[in-house]
Amino acid sequence: MALFRSKQAPRLAPELDDVPLGRVLKGLGSGRGPGPQDLAVAQVERLLRDTGDDWDRRCHRVRVLAETAPFLARGWRLRRPRDPDALLLHAWSELPTDPRAAMATFRLAADARPGDPTPWVGSLAALRALARPSPELTPVWREIRARDPWHREAHLQVLAYLSPEEQGSQAALREFVDEVVIALPH
């Protein structure tokens, strides 16, 4: 019967299969105020530190946390203005509303932790949001590739940028995919 059918598509939890991220997200609901916020910052800090060099997971965690708890990102950065993780989380939380400010903060985060590609991926997202021409993306793409040549989010950002809906075309999209496929490891 049509009455009992749902028209909504199933929703994915933002943490996907990341159980530790899911636990932290559940705890963030009560993270307002100085005491609870300090506890939330400690949990987020531990979560990000525990990702180590798993750059894809780190980027996913930062993006989800920034979307879920922008209040935490601002508070953490105010308390620790030079902390690379605080800078990174704050930059991702700024991205939707102020991509130019996010770019500057991503640069600070990249300087604070030079081996991490995540601030560069964020810079790529900011350049996309600002609809900047492709020559401005090229040096950022090189920085990402130097740190993690197969970073998933970075590839998704470039695919979106090269799509006909944004700054590219079907031909540019196909050319990029062909280049990636040729270079893929076995």
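Here is a short report on the structure shown in this document.

Calculation criteria
Residues numbered from 1 in each chain as written. Predicted model: local features only at pLDDT ≥ 70, side-chain atom pairs only at ≥ 80, totals over all residues. Heavy atoms only, no water. Helix = DSSP H or I, 4+ residues; strand = E, 2+ residues; numbered from the N terminus. Buried < 20%, exposed > 50% of the residue type's maximum accessible area, 1.4 Å probe, protein only. Axes fitted to C-alpha atoms, helices over the stretch in contact; angles between N-to-C directions. Parallel < 35°, antiparallel > 145°, perpendicular 65-115°, else oblique. Left-handed = near helix turned anticlockwise from the far one by under 90°. Contact = heavy atoms within 4.5 Å. Nonpolar A, V, L, I, M, F, W, Y, C, P; charged D, E, K, R; others polar. Core = buried A, V, L, I, M, F, W, Y, C linked by side-chain atoms within 4.5 Å. Phe/Tyr/Trp six-rings, centres within 6.5 Å; stacked < 30°, edge-to-face > 60°. Expected span 1.5 Å × (residues − 1). Arc of directions from axis to C-beta.

**What about the overall build of the protein chain?**
Then comes step 1: The secondary structure content of the protein chain amounts to 10 helices and zero strands.
Then comes step 2: Moving toward the C terminus, one meets the helices and strands of the protein chain in the order α-α-α-α-α-α-α-α-α-α.
Then comes step 3: Overall size of the protein chain, expressed as C-alpha extent along the three principal axes, is 60 × 55 × 35 Å.
Then comes step 4: Looking at the 186 residues of the protein chain, the share that counts as buried comes to 42%.

**Here's the deal with the packing of helix α8 (residues 134-147) against helix α9 (residues 152-162)**
The axes of two packed helices give the description: the angle between them and the distance between them.
Then comes step 1: Across the interface, α8 lies against α9 with an axial gap of 11 Å and an inter-helix angle of 165°. As far as their axial angle goes, α9 and α8 are roughly antiparallel. Every pair of crossing elements has a handedness; the one defined by α8 and α9 is left-handed. Every residue of α9 that contacts α8 at S134, L137, W141, I144 and R145 is listed here: A154, H155, V158 and Y161.
Then comes step 2: When grouped by side-chain class, the residues that make up the contact of α8 with α9 number six nonpolar, two polar and one charged.

**What about the nonpolar core?**
Then comes step 1: Residues L28, V44, L65, L72, L89, W92 and L124 are the most contacted members of the largest nonpolar core, which totals 47 residues.
Then comes step 2: Filtering out sequence-adjacent residues up to four positions away, W92 remains in contact with C59, V62, R63, A66, F106, T118, V121, G122 and A125.

**Here we look at unusual backbone geometry**
Then comes step 1: Of note in the backbone geometry, L16 takes a positive phi value of approximately 55° without being a glycine.
Then comes step 2: Topologically, L16 is positioned in the segment before α1 (19-28).
Then comes step 3: Residue class for L16 comes out exposed when judged on its relative accessible area of 52%.
Then comes step 4: For A131, which is not glycine, the phi torsion reads 55° and is therefore positive.
Then comes step 5: Structurally, the position occupied by A131 is in the loop between α7 (118-129) and α8.

**Considerations on the packing of aromatic side chains**
Then comes step 1: Following the criterion strictly, the structure yields two aromatic pairs and no others.
Then comes step 2: Summarising the aromatic geometry, the rings of W92 and F106 are spaced 5.5 Å apart at their centres and angled 80° between planes, so their arrangement reads as edge-to-face. Of this pair, W92 sits in helix α5 (residues 84-94) while F106 sits in helix α6 (residues 99-112), and the two are 14 residues apart along the sequence. You'll find W92 and F106 in the same group, each marked buried.

**Looking at helix α10 (residues 170-183)**
It helps to recall that an α-helix has 3.6 residues per turn; residues three or four apart then point in one direction.
Then comes step 1: Compared with an ideal rise of 1.5 Å per residue, which puts 14 residues at 20 Å, α10 spans 20 Å between its outermost C-alpha atoms and is within 8% of the ideal.
Then comes step 2: Inspection of α10 places L173, F176 and V180 among the buried residues, and these make up the whole buried set. Down the axis of α10, the sector holding all buried residues measures 65°, keeping them to one side. Residues of α10 that are exposed and point more than 90 degrees away from the buried face comprise R174, V181 and I182.
Then comes step 3: Residues of α10 that are buried sit in contact with α8 and α9.

**Comments concerning the packing of α6 against α7**
Then comes step 1: Close contact between α6 and α7 brings their axes to 9 Å; oriented N to C, the two are set at 165°. Judged by the inter-axis angle, α6 sits roughly antiparallel to α7. Here the hand of the crossing between α6 and α7 comes out left-handed. Residues P99, M103, F106, R107, A109 and A110 of α6 touch α7, and the partners they reach there are P119, W120, G122, S123, A126, L127 and A129.
Then comes step 2: Among the residues making up the contact of α6 with α7, the classes are represented as 10 nonpolar, two polar and one charged.

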